[in-house]
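Residues per chain are reported as follows:
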Amino acid sequence: MSEQNMKPLVEVKNLKIYFPIEKGLILKKKVGAIKAVDGISFSIMPGETLGLVGESGCGKSTTGRALIQLIKPTDGEILFEGKNLTSLSNEELRKKRQDFQMIFQDPYGSLNPRMTVGDIIAEPLKTYNIAKGKPLERMVQDLLYEVGLNPRFIRRYPHEFSGGQRQRIGIARALALKPKFIVCDEPISALDVSIQAQILNLLDELKKRHHLTLLFIAHDLAAVRHISDRVAVMYLGKIVEIAPKKMLFENPSHPYTQALMSAVPIPDPLIQKKRQRIVLVGDVPSPINTPCGCRFHSRCPKVMTECRSIQPKLKEYEADQYVSCHYDGTINITIRKSLDF
Amino acid sequence: MTLLKVENLHVSFHTPDGTFRAVNGVSFTLQQGATLGIVGESGSGKSITSLSLMQLVPCPPGSIDAGTALYNGIDLLSLPEEKIAKLRGNDIAMIFQDPMTSLNPFLKISRQLTETLEAHQDISSSEALQRSIDMLELVGIPEARKRIHDYPHQFSGGMRQRVMIAMSLLCKPKLLIADEPTTALDVTIQAQILELIQKLREELGTTVILITHDLGVVAGTCDHVAVMYAGKIVEYGKTEDIFAHPRHPYTKGLLASLPRLDAEKEQLTSIPGQPPDMSKPLQGCPFAPRCQYALEKCCKLFPDTFSFEEEHYSLCWKANEL
């Protein structure tokens, strides 16, 4: 970031979210915990888009939900404009909620089928007593227009729309309160290929027009590269690498980021057939019994002895590029291409 | 050698809301040992095409209205049930999209694997078990001898998809239809599965039809690509030709709308509009309402087939100018 004196809009410090595993029907006993998010820290500057990527189960959605206080974190701080959200009273939090919204993954499940589109978008405006009657209707129509839908659709129901149009309704609802920060949780992964670009372009446009700050959660790395300014890569509840996008995509430093990048197919047969792929062996370990040492050591092609016992910390490799790996990025070990099925 | 020749396939579904013409005259030929990628959006008819080859389209409400599918000279579409049942899982096998629901949760993996073998081949149960274990090892399941007695829920998503692949390959099929085999999986697991299909194809000489919506997957694995839109193959050709010189505006639009991992794009050129409603009769080119090159003629007349390089064709009036 060039503005040294600028304060981050969102700051996450050592965030931990554990889900207890209980046994017994009546007398519930805690027998363990799923460590969905296990001590992550990052910050997002105003107007910045942070991409959050990782495979299913790595804790990226949980992080997003915790950020807008849909899940209470087990430990850690979430600072929004310098205020710790976890310590606010319910009433204070309710007021603050206007400033951060969410766009959900499933455009079918996230809209109430019994409400008209107008009611869905008007609901947040009514909750905060911002408008009613004719002015409210005008605001809703403006929002529909803003996301590229016909304002006359106001009395229609969600089932009358296609997936892409529904996602636009979800975006209009998120924009209604003029939030400063929006968490987009896999906003395009449920959509068809030709529609994905429409929604990505819309988000890009809205972001610029309203100076929005976004947390863009996705597993589609190409989409993340398109929309983000900085990208964080998560693996099993930890951030393994966080860097400005150009640096991350052109010079990925963590072995997991490298493997993830190489696994994404590129839609060009000439490039794709020549690429050297790092195929990781095995599956992601269980978040209940997380491996000791580096979480990635069981699948890492560059694993060393200390990786098995000592957990690496997030270190600054280059300006703004943070990597959590014992392995020094300067040495170039040849990548073991695993073909042992 | 031609293994499969599909001609003028029409499939429709009769529902209370009207008749949906899912497949509108699909034709393609598949050479032995080749890999064909069928790409298209949801509702384009790509899955229905493959299901109808195995007579797996539920009738009613579905019905195969016209067409032939010659597999080694036999028409798959008109084969009686007991004969097609012999081919299914034996000569022609299928991998389904969802590894979570395509395995029976009540049966052990061993039972589900040996069932296929025992149904098609005259072998003892111990021999069937041994061959199942060998196949699980081939697809990369560690400790296959022990794991084969587990239930599906004890496997992860990627592992279950491997089990599905093992099951489909047990009888050494000549034709493998993989319907979105990696869509439900993470990218690192997707890479494992695609590499596995590739390796098995080389070792066993299996012919593969890969159905997907991911153009990246196609680019890396297929020799030929068929692009489907509104129940028709609108463009067909060698993978290199399709990606280098797309001759249909839909293919061109899809390629332009994809964000790239290896390059920065200022803005994505999206295809406006929605896919057509398949219950309404189509007039002219189904892509015309979304097409930036559309002529007046496109809305009235369905385009002819225009041929280009070797095997490459496109159904578009302006194909020559693209």
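Within any chain, residue numbers begin from 1 and follow the written order of that chain's sequence. Chain A is the first chain written and ligand 1 is the first ligand written, with later ones labelled in order. A pLDDT threshold of at least 70 governs which residues receive local features in this predicted model, and a stricter bar of 80 or more applies before side-chain atom pairs are shown or counted, although totals over entire chains, interfaces and linings include all residues.

### Remarks on the overall build of chain A
For helices the rule is a DSSP run of H or I covering at least 4 residues; for strands it is a run of E covering at least 2, with both sets numbered from the N terminus onward. When you go through chain A residue by residue, the secondary structure sums to ten helices and twelve strands. The C-alpha atoms of chain A give a radius of gyration of 21 Å, which matches the 20 Å a tight globule of 341 residues would have. If one aligns the C-alpha atoms of chain A with their principal axes, the spans along those axes are about 70 × 60 × 50 Å. Whether a residue is buried, exposed or partly exposed is read from the other C-beta atoms within 10 Å of its own C-beta, which are placed from the backbone; 20 or more gives buried, 12 or fewer gives exposed, and intermediate counts give partly exposed. For chain A, buried positions account for 44% of its 341 residues. Radius of gyration here is computed from C-alpha atoms only, and the compact-globule reference equals 2.2 Å multiplied by the residue count raised to the power 0.38.

### A short note on helix 3 (residues 117-127) of chain A
Residue and element names in this part refer to chain A. For helix 3, the full list of buried residues reads Val 117, Ile 120, Ile 121 and Ala 122. Think of it this way: build a C-beta for each residue from its backbone, and any pair within 7 Å is a contact. Close packing links the buried residues of helix 3 with helix 4 (133-146) and helix 5 (163-175). In the segment just after helix 3, Asn 129 is the residue with positive phi, at about 50°.

### Examining the packing of helix 6 (residues 193-210) of chain A against helix 10 (residues 249-257) of chain B
Between helix 6 of chain A and helix 10 of chain B, the shortest axis-to-axis distance is 9 Å and the interhelical angle comes to 45°. Considered as vectors, helix 6 of chain A and helix 10 of chain B are oriented oblique to each other. Considering the relative orientation of helix 6 of chain A and helix 10 of chain B, their crossing is left-handed. Across the interface between the two elements, A:Val193, A:Ser194 and A:Ala197 of helix 6 of chain A pack against B:Gly253, B:Leu254 and B:Ser257 of helix 10 of chain B. Interaxial angles span 0 to 180 degrees and are taken between N-to-C directions of axes, which are lines fitted to C-alpha atoms, for helices over the stretch in contact. Working rule for angles: under 35 degrees goes down as roughly parallel, over 145 as roughly antiparallel, 65 to 115 as roughly perpendicular, anything else as oblique. Crossing handedness: left-handed means the near helix sits turned counterclockwise from the far one by under a right angle, and right-handed means the same turn made clockwise.

### Comments concerning the nonpolar core
Within the largest apolar cluster, 185 residues are counted, with the highest numbers of intra-cluster contacts made by A:Leu215, A:Val233 and B:Ala166. Residue contributions to this core peak at eight residues, all from helix 7 (residues 187-204) of chain B. In this structure, A:Val233 is in contact with A:Val53, A:Gly54, A:Ile239, A:Val240, A:Glu241, A:His254, A:Tyr256, A:Thr257 and A:Leu260, ignoring residues within four places of it in sequence. Working definition: the nonpolar core is a set of buried Ala, Val, Leu, Ile, Met, Phe, Trp, Tyr and Cys residues, joined through C-beta atoms within 7 Å.

### Some words on the confidence of the model for chain A
Residues with a pLDDT of 70 or more make up 94% of chain A, whose mean pLDDT is 87. The predictor attaches a confidence to each residue, and that confidence, scored 0 to 100, is pLDDT. Throughout residues 330-341 of chain A the model reports pLDDT below 50, and contacts reaching past four residues in sequence, or to other chains, amount to eleven contacts.

### Points about helix 5 of chain A
Residue and element names in this part refer to chain A. For a helix, the expected span equals 1.5 Å multiplied by the residue count minus one. Between its terminal C-alpha atoms helix 5 stretches 19 Å, which fits the 18 Å expected from 13 residues at 1.5 Å a residue. When you tally the buried positions in helix 5, you get twelve out of 13 residues, the bulk of the element. Looking at helix 5, one finds that the buried residues are Gly 164, Gln 165, Arg 166, Gln 167, Arg 168, Ile 169, Gly 170, Ile 171, Ala 172, Arg 173, Ala 174 and Leu 175. The secondary structure elements touched by the buried residues of helix 5 are strand 6 (100-103), helix 3, helix 4, strand 7 (181-185) and helix 6.

### Description of the pairing of strand 10 (residues 238-244) of chain A
All names here are of chain A. When you tally the buried positions in strand 10, you get six out of seven residues, the bulk of the element. Judged from the six bridges that link them, strand 9 (residues 230-235) and strand 10 form a sheet pairing that is antiparallel. Paired with Val 233 across the bridge in strand 10 is Glu 241. DSSP calls a pair of strands paired once it identifies at least 2 bridges connecting them. Hairpin connection, strand 9 to strand 10: the antiparallel pair is bridged by two residues, and Leu 236 has positive phi, about 50°. Strand direction decides the pairing type here: strand 10 and strand 12 (residues 321-323), joined by two bridges, are antiparallel. For Glu 241, the partnering residue across the bridge sits in strand 12 and is Val 323.

### A short note on unusual backbone geometry
Geometrically, the link from B:Cys59 to B:Pro60 is a cis peptide bond, its omega value of -15° lying close to zero. Topologically, B:Pro60 is positioned in the loop between helix 1 (46-53) and strand 4 (62-71). Along the chain, B:Pro60 connects to B:Pro61 via a cis peptide bond; the corresponding omega equals 10°. Structurally, B:Pro61 can be placed in the loop between helix 1 and strand 4. Its identity is not glycine, yet A:Glu81 carries a phi of approximately 50°, on the positive side. Overall, the presence of 15 C-beta atoms within 10 Å leaves A:Glu81 in the partly exposed class. In the Ramachandran plot, B:Asn72 falls in the positive-phi region, its phi being about 50° despite a non-glycine side chain. Looking at the element boundaries, B:Asn72 is found in the loop between strand 4 and strand 5 (74-75).

### Comments concerning the interface of chain A and chain B
Where the parts come together, the accessible area they lose is often given as the size of the interface. Every contact between the two is made by 37 residues of chain A and, on the other side, 40 residues of chain B. Secondary structure elements with two or more residues in the side of chain A that touches chain B: helix 6, helix 7 (221-227), helix 9 (255-263) and helix 10 (269-274) of chain A. Among the elements that make up the side of chain A that touches chain B, the one with the highest residue count is helix 6 of chain A (six residues). Residues belonging to the side of chain A that touches chain B are distributed by class as follows: 21 nonpolar, nine polar and seven charged. Note that Gly is not counted as nonpolar here; it falls among the polar residues with everything else outside the nonpolar set of Ala, Val, Leu, Ile, Met, Phe, Trp, Tyr, Cys and Pro and the charged set of Asp, Glu, Lys and Arg.

### Considerations on the environment of A:Ala259
Considering the arrangement of structural elements, one finds A:Ala259 in helix 9. Here A:Ala259 falls in the buried class, since 22 other C-beta atoms lie within 10 Å of it. With residues near it in sequence (within four places) discarded, A:Ala259 still touches A:Ile278, A:Leu280 and B:Thr188.

### Regarding the packing of helix 3 (residues 109-120) of chain B against helix 4 (residues 125-138) of chain B
Residue and element names in this part refer to chain B. Following both chains from N to C, one finds helix 3 and helix 4 inclined at 115°, their axes separated by 9 Å at the closest point. Taken together, the axes of helix 3 and helix 4 are roughly perpendicular relative to one another. With respect to the hand of their crossing, helix 3 and helix 4 are arranged in right-handed fashion. Touching Ser 110, Leu 113, Thr 114, Leu 117 and Glu 118 of helix 3 are Ser 125, Ala 128, Leu 129, Arg 131 and Ser 132, all from helix 4. Looking at the contact of helix 3 with helix 4 residue by residue, the class counts come to four nonpolar, four polar and two charged.

### Quick word on the environment of B:Thr15
All names here are of chain B. Considering the arrangement of structural elements, one finds Thr 15 in strand 1 (residues 2-15). Residue class for Thr 15 comes out exposed when judged on the 12 C-beta atoms lying within 10 Å of it. Here the alpha-carbon distance between Thr 15 and Thr 2, two residues 13 residues apart in the chain, equals 36 Å. Setting aside residues up to four positions removed in sequence, Thr 15 forms contacts with Phe 20 and Pro 61.

### As for the sheet that holds strand 10 (residues 232-238) of chain B
All names here are of chain B. Within the open sheet, the eight strands sit side by side as 6-7-8-3-9-10-12-11. Their pairing is mixed. Two strands close off the open sheet at either side, each with one partner strand: strand 6 (92-95) and strand 11 (306-307). This element, helix 6 (residues 157-169), spans strand 6 and strand 7 (175-179) of the sheet and lies at about 175° to strand 6.

### Focus on the pairing of strand 2 (residues 18-31) of chain B
Residue and element names in this part refer to chain B. As paired strands, strand 1 and strand 2 are joined by eleven bridges and run antiparallel to one another. Bridge pairing in strand 2 links Val 6 to Phe 28. Remark: two residues form the turn of the hairpin made by strand 1 and strand 2, two consecutive strands paired antiparallel.

### Digging into the sheet that holds strand 8 (residues 213-217) of chain A
All names here are of chain A. Reading across from one edge, 6-7-8-3-9-10-12-11 is the order of the eight strands in this open sheet, with mixed pairing throughout. Whereas interior strands pair on both sides, the edge strands pair on one side only; in this sheet they are strand 6 and strand 11 (315-318). Pairwise comparison of adjacent strand axes, ignoring direction, gives a mean angle of 20° for this sheet. One ladder, built from four bridges, connects strand 3 (residues 49-53) with strand 8; its direction is parallel. In the sheet register, Gly 51 faces strand 8, and the bridge partner there is Phe 216. The strands touched by helix 1 (residues 60-67) within the sheet are strand 3, strand 7, strand 8 and strand 9, with strand 8 carrying the most contacts at an inclination of about 150°.

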